[in-house]
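Single-letter residue listing:
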Amino acid sequence: MPKGVVRKALEGFQPYVPGEQPPDGEGWIKLNTNESPLPPSPKVIAAIKEAATDALRLYPSPTAAPAREAIARKFQLDPTRVTVGNGGDELIELCFRAFAGAGDTVAFPTPTYPLFEPLCRLHEAAPSRHPTEAFAELPPSLGPDPSPLKFIVNPNSPTGALFEARDVEAAVAASSGVVAIDEAYVDFAPRSAVDLLNTHDNVLLLRTFSKSYGLAGMRIGFALGSPDLIEALDAVKDSYNVDRLAIVAAAVAIGDDQHHRKVVDEVVKNRTELADALERRGFEVVPSAANFVFVRPPKPAAEVVAALRERKVLVRHYDREPIAGWIRVTVGTREQHEKLLGALKEIL
Ligand SMILES: Cc1ncc(COP(=O)(O)O)c(C=O)c1O
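Thresholds applied
Residues numbered from 1 in each chain as written. Predicted model: local features only at pLDDT ≥ 70, side-chain atom pairs only at ≥ 80, totals over all residues. Heavy atoms only, no water. Near = heavy atom within 4 Å. Polar contact = N/O pair within 3.5 Å; in protein donor to acceptor, adjacent residues only side chain to side chain. Areas by Shrake-Rupley, 256 points an atom, 1.4 Å probe, with all protein chains shown as cover. Helix = DSSP H or I, 4+ residues; strand = E, 2+ residues; numbered from the N terminus. Nonpolar A, V, L, I, M, F, W, Y, C, P; charged D, E, K, R; others polar. Buried < 20%, exposed > 50% of the residue type's maximum accessible area, 1.4 Å probe, protein only. Pairing = 2+ DSSP bridges. Right-handed = clockwise from strand over helix to strand, strands pointing away. Domains from an automatic or database assignment. Contact = heavy atoms within 4.5 Å. Buried area = accessible area lost by both parts, 1.4 Å probe. Salt bridge = Lys/Arg side-chain N within 4 Å of Asp/Glu carboxyl O. Axes fitted to C-alpha atoms, helices over the stretch in contact; angles between N-to-C directions. Parallel < 35°, antiparallel > 145°, perpendicular 65-115°, else oblique. Left-handed = near helix turned anticlockwise from the far one by under 90°. Arc of directions from axis to C-beta. Phe/Tyr/Trp six-rings, centres within 6.5 Å; stacked < 30°, edge-to-face > 60°. Lys NZ or Arg CZ within 6 Å of the ring centre and 35° of its normal.

Visitor: Lay out the site of the ligand with the relevant residues and their values.
Guide: The immediate surroundings of the ligand are formed by Gly87, Gly88, Asp89, Tyr113, Val153, Asp182, Ala184, Tyr185, Thr208, Ser210, Lys211 and Arg219. Measuring from a nitrogen atom of the ligand, one finds a side-chain N or O atom of Asp182 at 2.5 Å. One of the side-chain N or O atoms of Ser210 is found 2.6 Å from an oxygen atom in the ligand. Contact with the protein chains hides 92% of the accessible area of the ligand, taken as 390 Å² for the molecule alone. Counting residues per element, the shell around the ligand draws most heavily on helix α3 (residues 87–99), which supplies three residues. Partitioning the shell around the ligand into residue classes produces four nonpolar, four polar and four charged.

Visitor: So what about the pairing of strand β5 (residues 149–153)? Which residues, and what values?
Guide: Among the five residues in β5, five count as buried, and that is most of the element. Judged from the two bridges that link them, strand β3 (residues 105–110) and β5 form a sheet pairing that is parallel. When the bridges of β5 are listed, Ala107 appears paired with Lys150. With five bridges joining them, β5 and strand β6 (residues 178–182) adopt parallel strand pairing. Within β6, the position partnered with Val153 by the bridge is Asp182. In this view, the connection linking β5 to its parallel neighbour β6 by way of helix α5 (residues 165–174) has right-handed handedness.

Visitor: Account for the domain arrangement of the protein, naming residues and giving values.
Guide: Along its sequence, the protein is carved into domain 1 (8–39 + 258–347) and domain 2 (42–256). Placing a centre on the C-alpha atoms of domain 1 and another on those of domain 2 gives a separation of 23 Å. Taken residue by residue, the interface counts 34 residues in domain 1 and 30 residues in domain 2. Between domain 1 and domain 2, a total of about 2,500 Å² is buried, with carbon and sulfur atoms accounting for 66% of that surface. Ranking the residues of domain 1 by area buried against domain 2 places Tyr16, His260 and Ala289 at the top, with a combined share of 25%. In this assembly, domain 1 and domain 2 are joined by zero salt bridges. Elements represented by at least two residues in the side of domain 1 that touches domain 2 include exactly α9 (257–280) and β10 (292–296). At eight residues, the largest contribution of residues to the side of domain 1 that touches domain 2 is made by α9. For the side of domain 1 that touches domain 2, the per-class residue count stands at 20 nonpolar, ten polar and four charged.

Visitor: Account for the sheet that holds β10, naming residues and giving values.
Guide: With respect to topology, five strands assemble into an open sheet ordered β1-β11-β12-β10-β9, the strand pairing being mixed. Each of the sheet's edge strands pairs with one partner strand only, and the pair in question is β1 (29–31) and β9 (284–286). With direction set aside, neighbouring strand axes in the sheet form an average angle of 35 degrees. The strands touched by α9 are β9, β10 and β12 (327–330); relative to β10, the strand with the most contacts, the crossing angle is about 10 degrees. Strands in contact with helix α11 (residues 334–347) are β1, β11 (313–317) and β12; relative to β1, the strand with the most contacts, it is inclined by about 95 degrees.

Visitor: Give me the sheet that holds β5: which residues, what numbers.
Guide: Hydrogen bonds between backbone atoms are what pair the strands of a sheet, whose relative direction is either parallel or antiparallel. Across the sheet, seven strands lie side by side as β2-β8-β7-β6-β5-β3-β4; this open sheet has mixed pairing. Looking at which strands have only one partner, the edges of the open sheet turn out to be β2 (82–85) and β4 (126–131). Sheet twist, expressed as the average angle between the axes of neighbouring strands with direction ignored, equals 20 degrees. The sheet contact formed by β2 and strand β8 (residues 221–225) spans four bridges and is antiparallel. Bridging across to β8, Val82 finds its partner in Leu224. Sitting on the sheet, helix α2 (residues 65–75) touches β2, β7 (203–208) and β8, and the angle it makes with β2 is about 130 degrees.

Visitor: Run through the packing of α2 against helix α8 (residues 244–253), naming residues and quoting values.
Guide: Two quantities define a packed helix pair, namely the angle between the axes and the distance from one axis to the other. Packing of α2 against α8 brings their axes to within 8 Å, and their N-to-C directions diverge by 15 degrees. Between α2 and α8, the angle is such that the two are roughly parallel. Crossing handedness for the pair α2 and α8: left-handed. Note on element contacts: α8 touches α2 through Ile247, Ala250 and Ala251, opposite Pro66, Ala67 and Ala70.

Visitor: Explain helix α10 (residues 301–310) residue by residue, including any values.
Guide: At 3.6 residues per turn, the α-helix brings residues three or four places apart onto the same side. Restricting attention to buried positions, one finds in α10 the residues Ala301, Val304, Val305, Ala307 and Leu308. Buried residues along α10 cover an arc of 165 degrees about the axis, so they all sit on one side. Positive phi shows up at Lys312, right after α10, with a value of about 65 degrees.

Visitor: Lay out the packing of aromatic side chains with the relevant residues and their values.
Guide: All chains considered together, the criterion is met by 14 aromatic pairs. Between the aromatic rings of Phe116 and Phe151, the centroid separation amounts to 4.3 Å while the plane-to-plane angle is 15 degrees, which identifies the pairing as stacked. You can see Phe116 sitting in helix α4 (residues 116–122) and its partner Phe151 sitting in strand β5, a full 35 residues away along the chain. With a relative accessible area of 0%, Phe116 lands in the buried category. Take Phe151: its relative accessible area is 0%, and that puts it in the buried class. Taken together, the aromatic side chains of Tyr16, Phe96, Phe108, Tyr113, Phe116 and Phe151 make up a single cluster linked through ring pairs. Between Arg328 and the ring centre of Phe292, over which it is positioned, the NZ or CZ distance is 5.4 Å.

Below is the structure:
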């Protein structure tokens, strides 16, 4: 951050650093940002092509109405209970804009999605961290925390661990403020917290098209919640936060159950194979409910990651406690796994 030009509150600000995104077509095995190893539905590609017309000179629907309505139909909810954002990340940021500002605290279990920390700084809120004793255990201190905004990423990232439904419900029931349950990876998990929408008005579910729908490049996510919470998010969002092509993509993708199921089934099958293969090579593996595995290599992680990179394989490395020494590997295709495992054979 350049000194002297940014506002005082941002002195020493450490921005969120996304995973490396090398140019397409250079032959990288990208297992670092949890993208889908399979492409989006062909129906989505066709619809995007069809929408790439002269109409692009016009602004999109400010409410992304066609996407919102299609998502509402899918979840059998009234459209007033759905909003759409420029990726799940934008919806997370909108939660800050709407529910927590300067002087507030924002609570979350740790380790978790590293985006929350810089967003706290940007909004001059203080993080209220609740360390997990075991990766799959939601800290009991989270529920009674009085923060006006809490995040529970479930399945969690980067661990892939799934918190118990009863613990999530207890945390929500004990919370006076808004609890945003970030379900970016939930399609790969055995259960969701979607039923809490019927019983708790302080719950927001955040979802994304970036993972199980193979649409990370389109930047589209959605939130489900009570009409009041959705209205609050809508009130603070940018006017045209989702572009025309993304709206079309979301509306078609959410309706193609068959393709979605195919992607999820393949990833879940490959996840088991990858976890088993890494375990056989001496890695410690956390049971995963997501589209990645969180593993500790038998050699220093930084060395393994650098050696993989030399072989054009990208994975995500964490160097901060309590997860220093761990690596997150996105579930890929069988072919990608073969290349990863071949590289590891040389390295280890
Ligand atoms: C926990 C979590 N939440 C939300 C997102 C947001 O994804 P997107 O902005 O692509 O929808 C990600 C992306 O990696 C994530 O890991």
